[in-house]
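# Overview (structure and organization)
Chain by chain, the residues run as shown.
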Amino acid sequence: VQLQASGGGLVQAGGSLRLSCAASGRYVMGWFRQAPGKEREFVAGISRSGITADYGDSVKGRYTISRDNAKNTVYLQMNSLKPEDTAVYYCAAGEGLLVTKTDYDYWGQGTQVTVSS
């Protein structure tokens, strides 16, 4: 399974970014992030159909995960960004049937998101 994430960059606090991740098939998809010195954190996940989504507590109400199954691509729209959102963001794919915070089988390379104050 190949996962190709893109869309990271530098943005000011309060700004927005959209990450994309192209997959080589249809899976349960998720986004995680890891800041320096911190553990990897679940950000968002979405079902294969795109109907069901789940979010980490720190991003609820600010981030939106979506997918375009015709393109096998998942998106992460990040609004109202804060300096504490700075991290390397990873997309992941799972073979399971349900949205999950933990059960992912394949990982893409990370994309850096930096939010300046």
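Just so you know, the residues in each chain are numbered from 1, in the order the chain's sequence is written. Reporting of local features is limited, given that this is a predicted model, to residues whose pLDDT is at least 70; pairs of side-chain atoms are given and counted only at 80 or more, and all residues count toward the totals for whole chains, interfaces and linings. Side-chain descriptors were evaluated using all non-hydrogen atoms of the structure, hydrogens and water having been removed beforehand.

For S20, the location among the structural elements is in strand β3 (residues 17-23). Only protein chains enter the accessibility calculation, which uses a 1.4 Å probe; a residue is then buried when its area is under 20% of its type maximum, exposed when over 50%, and partly exposed in between. Given a relative accessible area of 16%, S20 falls into the buried group. By definition in these notes, contact holds between two residues if any of their heavy atoms fall within 4.5 Å. In contact with S20, other than residues within four places in its own chain, are Q4, A5, S6, W31, T73, V74 and Y75. A run of H or I in DSSP counts as a helix once it spans at least four residues, and a run of E counts as a strand once it spans at least two, with each numbered from the N terminus.

Note that a disulfide, as used here, is simply two cysteine sulfur atoms within 2.5 Å. Tallied over the full model, the rule gives 1 disulfide. With a sulfur-sulfur separation of 2.1 Å, C21 is cross-linked through a disulfide to C91. In this structure the cystine formed by C21 and C91 twists about its S-S bond by roughly 50 degrees; its chirality is therefore right-handed. A residue pair is termed long-range when its members are at least 10 positions apart, and C21 in strand β3 and C91 in strand β9 (residues 87-94) qualify at 70 residues. Accessibility assignment for this pair places C21 and C91 in one class, buried.

What follows deals with the sheet that holds strand β8 (residues 73-78). The pairing criterion is simple: DSSP has to find at least two bridges between the two strands. Here we have 4 strands laid out as an open sheet, ordered β1-β3-β8-β7, and antiparallel in their pairing. Two strands in the sheet have a free side with no partner beyond their single neighbour: β1 (3-6) and β7 (63-68). Taken over all neighbouring pairs, the strand axes of this sheet differ in orientation by 15 degrees on average, direction set aside. Here β1 runs beside β3; their pairing, made up of 4 bridges, is antiparallel. Note on β3: the bridge partner recorded for L3 is A23. Axis definition: a line fitted to C-alpha atoms, limited for helices to the stretch in contact. Angles are taken between N-to-C directions and run from 0 to 180 degrees.

Here strand β11 (residues 111-116) shows one buried face, formed by T111, V113 and V115, and one open face, formed by Q112, T114 and S116. Where strand β2 (residues 9-12) lies against β11, 4 bridges are found, and the strand directions are parallel. Its bridge partner being in β11, Q12 is matched across the sheet by S116. Both β9 and β11 contribute to a ladder of 3 bridges, which runs antiparallel. Bridge pairing in β11 links V88 to Q112.

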